[in-house]
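Geometric and topological summary
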Amino acid sequence: MSDSRFPNLSRRGFFGLAGAAAAGVALTACAGTGGGGKQEGDANTITWWSNHPGTSKDQETELINRFQAQYPDLKVDLVDAGKNYEEVSQKFNAALSGGDLPDVVVLSDVWWFNYALTGKIEPLDSHFGSANVQTSDYVDSLLADYLFDGKHYALPYARSTQVFYYNKDVWSKVGLPDRGPESWPEFDEWGPRIQSVVGADKWAHGWGDAKNYLGWTFQGPMWTFGGGYSDQWKLKFNEPKSIEAGNFLRSMINEKKYASVRPGIAVDFGTGIIASTIASTGDLKGIKSNAQGKLEFGTAFLPHPNGAGATTGGAGLAIPSGISDKRKENALKFIDFVTNAANTAYFSQATGYMPVRKSALQDPTEIDFLAKNPNNKTAIDQLAVTRSQDYARVFLPGADQIIGTGLEQIGLQNRDAAAAFADVTSQLQNIYDRQIAPKLPK
């Protein structure tokens with residue numbers, strides 16, 4: 001998968017380089033727009049497709065009410081487009097084959113670029129002036145995540161990072177310091193001690209399963225062992241340090257037996273079934289609700305002894321390229337409004353996602369909220385030690401589930417990491433060779 005033609009090609013460099021071939025790229029998730037014309041629709045009704053990240057439907061309804069109060073001539077129709085990011089993308093993909101397109105669609109970190117590559121979502125930069133969008137106020141790293149071929153194809157909305165959640169009551173019983181582990185080997189020393197306190201049918205630590213983004217949450221831990229999913233386009237699963245990280249996962253679950261792969265880590269943590277986990281900042285709302293009156297918990301950076309130990313994720317808001325210019329104009333006006341300083345502060349406080357505007361951190365309500373809720377501040381502070389995701393997970397169609405399934409096999413089936421990662425490598429190399437490499441510029 002290594003390509004000597006692009007030895008120093010950065011993530012953003014790939015986007016610029018691939019732009020020349022974007023019209024010819026056909027990734028599995030992208031279909032053509034039926035009819036070839038622009039859908040006119042009702043320009044005064046903005047249709048928003050969302051999965052309500054972090055169980056945020058009530059907050060999204062409030063954002064709509066605020067928008068309609070300021071723009072009474074515009075109506076927003078909030079559509080339940082799926083229970084997760086994958087289902088939203090599937091619905092959007094189906095609409096590209098001839099259905100009614102939304103005006104605004106939630107697209108996650110592993111879906112938006114497919115549509116950018118094939119021109120199915122609108123490059124927003126030419127519309128920023130007319131919509132008075134001040135891009136300089138967006139958090140630079142979050143805005144840059146949607147940069148392709150010199151243009152932005154979405155604006156950050158429900159943006160998250162992983163944080164380490166820990167049960168303070170259990171930590172106290174074990175006699176551990178009130179913090180997260182500084183390294184995974186340190187946690188490997190803590191794990192059996194925690195397990196002896198939590199007892200049978202509970203675990204010191206829980207990992208999400210493949211459907212709950214195990215491929216996302218294990219990326220940072222893999223880095224701290226010196227491994228990774230890929231170095232640009234060169235896969236790294238078969239390298240010794242990556243295998244070491246995989247076998248660490250295997251050991252903590254199958255040999256030392258203080259960890260488990262769980263389908264509902266946020267619920268399990270909030271109800272005390274697991275004493276620690278890695279989950280999204282967007283899970284804070286649900287965890288607070290489940291934990292209320294039952295346990296006290298803290299949040300911490302993921303272990304990062306060698307630099308970055310976590311990455312960002314979540315979703316942005318995009319606009320289909322196949323709708324009329326008037327619909328695009330109103331859609332961008334809506335996106336800008338719901339992500340402005342006051343509204344991103346409101347959304348962040350209610351859900352746990354990160355504020356996407358710099359000025360939001362000077363909002364009086366945000367200052368007061370973070371002072372009273374240090375668990376929410378963890379993700380904001382951790383941005384300084386995060387890094388962009390490896391190509392292998394976000395640029396190869398279907399890779400997240402392939403990686404997550406391989407990690408599941410290690411955890412649930414006690415499969416040796418070398419064997420599991422060899423299969424993952426084979427599948428991802430095949431995707432790259434067939435779907436990506438032929439489309440890169442010569």
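Look up: the structure comes first, before these words.
In short, a report on the structure. (Residues numbered from 1 in each chain as written. Predicted model: local features only at pLDDT ≥ 70, side-chain atom pairs only at ≥ 80, totals over all residues. Heavy atoms only, no water.)

1. Points about helix 15 (residues 341-351)
Taken together, the buried positions of helix 15 are occupied by Asn343, Thr344, Ala345, Phe347, Ser348 and Thr351. Considering only its buried residues, helix 15 is in contact with helix 2 (57-70), strand 6 (155-167), helix 13 (284-291), helix 14 (325-338), helix 16 (364-372) and helix 17 (374-382). Once helix 15 finishes, glycine 352 follows within two positions and takes phi at roughly 100°, a positive value. (Buried < 20%, exposed > 50% of the residue type's maximum accessible area, 1.4 Å probe, protein only. Helix = DSSP H or I, 4+ residues; strand = E, 2+ residues; numbered from the N terminus. Contact = heavy atoms within 4.5 Å.)

2. Here's the deal with the pattern of salt bridges
Counted according to the given criterion, the structure contains 24 salt bridges. Close ionic contact of aspartate 416 with arginine 250 constitutes a salt bridge, the shortest N to O distance being 3.3 Å. Of the two residues, aspartate 416 is situated in the loop between helix 19 (399-412) and helix 20 (417-436) and arginine 250 in helix 11 (residues 240-255); the sequence distance between them amounts to 166 residues. For the salt bridge of aspartate 336 with arginine 357, the shortest nitrogen-to-oxygen distance reads 2.8 Å. You can see aspartate 336 sitting in helix 14 and its partner arginine 357 sitting in the loop between helix 15 and helix 16, a full 21 residues away along the chain. For arginine 357, a relative accessible area of 5% translates into the label buried. (Salt bridge = Lys/Arg side-chain N within 4 Å of Asp/Glu carboxyl O.)

3. Side note on helix 17
Restricting attention to buried positions, one finds in helix 17 the residues Asn375, Asn376, Thr378, Ala379, Ile380 and Gln382. Structurally, helix 17 contributes buried residues whose contacts are with strand 6, helix 13, strand 12 (297-300), helix 15 and helix 16.

4. What to know about the environment of asparagine 132
By secondary structure assignment, the location of asparagine 132 is in the loop between helix 5 (125-131) and helix 6 (140-144). Side chain to side chain, asparagine 132 and glutamine 134 meet in a polar contact 3.0 Å long. (Polar contact = N/O pair within 3.5 Å; in protein donor to acceptor, adjacent residues only side chain to side chain.)

5. Comments concerning the pairing of strand 1 (residues 45-50)
Burial analysis of strand 1 places six of its six residues in the buried class, the great majority of the element. Along strand 1, one buried face is formed by Thr45, Thr47 and Trp49 and the opposite face, lined by Ile46, Trp48 and Ser50, is buried too. For the handedness criterion, the β-α-β arrangement of strand 1, helix 2 and strand 2 (residues 75-80) is classed as right-handed. Pairing geometry for strand 1 and strand 3 (residues 104-108), over two bridges, is parallel. Looking at the pairing, tryptophan 49 lines up with valine 105 of strand 3. (Right-handed = clockwise from strand over helix to strand, strands pointing away. Pairing = 2+ DSSP bridges.)

6. With respect to the pairing of strand 2
As paired strands, strand 1 and strand 2 are joined by six bridges and run parallel to one another. Within strand 2, the residue paired with tryptophan 48 across the bridge is leucine 78.

7. Comments concerning the packing of aromatic side chains
This structure, assessed with the given rule, holds 33 aromatic pairs. A centroid spacing of 6.2 Å and a plane angle of 40° characterise the contact between tyrosine 165 and phenylalanine 297, whose relative ring orientation is tilted. Here tyrosine 165, found in strand 6, pairs with phenylalanine 297, found in strand 12; they are 132 residues apart in sequence, far enough to count as distant. This pair shows no difference in class: tyrosine 165 is buried, exactly as phenylalanine 297 is. Arranged with centres 5.4 Å apart and planes meeting at 70°, the rings of tryptophan 207 and phenylalanine 218 form a pair that is edge-to-face. In this pair, tryptophan 207 sits in strand 7 (residues 205-208) while phenylalanine 218 sits in the loop between helix 9 (214-217) and helix 10 (219-224), placing the two residues eleven residues apart along the sequence. For the pair shown, tryptophan 207 and phenylalanine 218 are each scored as buried. (Phe/Tyr/Trp six-rings, centres within 6.5 Å; stacked < 30°, edge-to-face > 60°.)

8. With respect to the side chain of aspartate 268
Counting through the fold element by element, aspartate 268 comes out in helix 12 (residues 265-270). Judged by its relative accessible area of 8%, aspartate 268 is buried. Residues within four places of aspartate 268 in sequence aside, it is in contact with Arg262, Ile273 and Ile274.

9. Some words on the side chain of glutamine 382
By the secondary structure assignment, glutamine 382 is in helix 17. Leaving out residues up to four positions away in the same chain, glutamine 382 has contacts with Thr161, Gln162, Val163, Phe301, Leu302 and Ala310.

10. Examining the nonpolar core
Core analysis: the largest hydrophobic core is formed by 124 residues, its most contacted members being Trp48, Trp171, Ile194, Trp207 and Leu428. In terms of residue count, helix 20 provides more of this core than any other element does, eight residues in total. In this structure tryptophan 48 touches Glu60, Ile64, Val76, Asp77, Leu78, Val79, Val104, Val106, Tyr157, Leu317 and Phe334, once residues within four positions along its chain are discounted. (Core = buried A, V, L, I, M, F, W, Y, C linked by side-chain atoms within 4.5 Å.)

11. Regarding unusual backbone geometry
At tyrosine 213, a position not held by glycine, the phi torsion is positive, near 65°. Checked against the element boundaries, tyrosine 213 lands in the loop between strand 7 and helix 9. One non-glycine residue with positive phi stands out, namely lysine 257, at about 55°. Of the residues examined, lysine 257 reaches a relative accessible area of 53% and is grouped as exposed.

12. A short note on the packing of helix 19 against helix 20
Where helix 19 meets helix 20, the axes come as close as 9 Å, and the angle between the chain directions of the two elements is 170°. Between helix 19 and helix 20, the crossing angle belongs to the class labelled roughly antiparallel. Classified by chirality, the crossing of helix 20 by helix 19 is right-handed. Residues Ala399, Ile402, Ile403, Gly406, Leu407, Gln409 and Ile410 of helix 19 touch helix 20, and the partners they reach there are Ala417, Ala420, Phe421, Val424, Gln427, Leu428 and Ile431. Here the residues of the contact of helix 19 with helix 20 sort into eleven nonpolar, three polar and no charged. (Axes fitted to C-alpha atoms, helices over the stretch in contact; angles between N-to-C directions. Parallel < 35°, antiparallel > 145°, perpendicular 65-115°, else oblique. Left-handed = near helix turned anticlockwise from the far one by under 90°. Nonpolar A, V, L, I, M, F, W, Y, C, P; charged D, E, K, R; others polar.)

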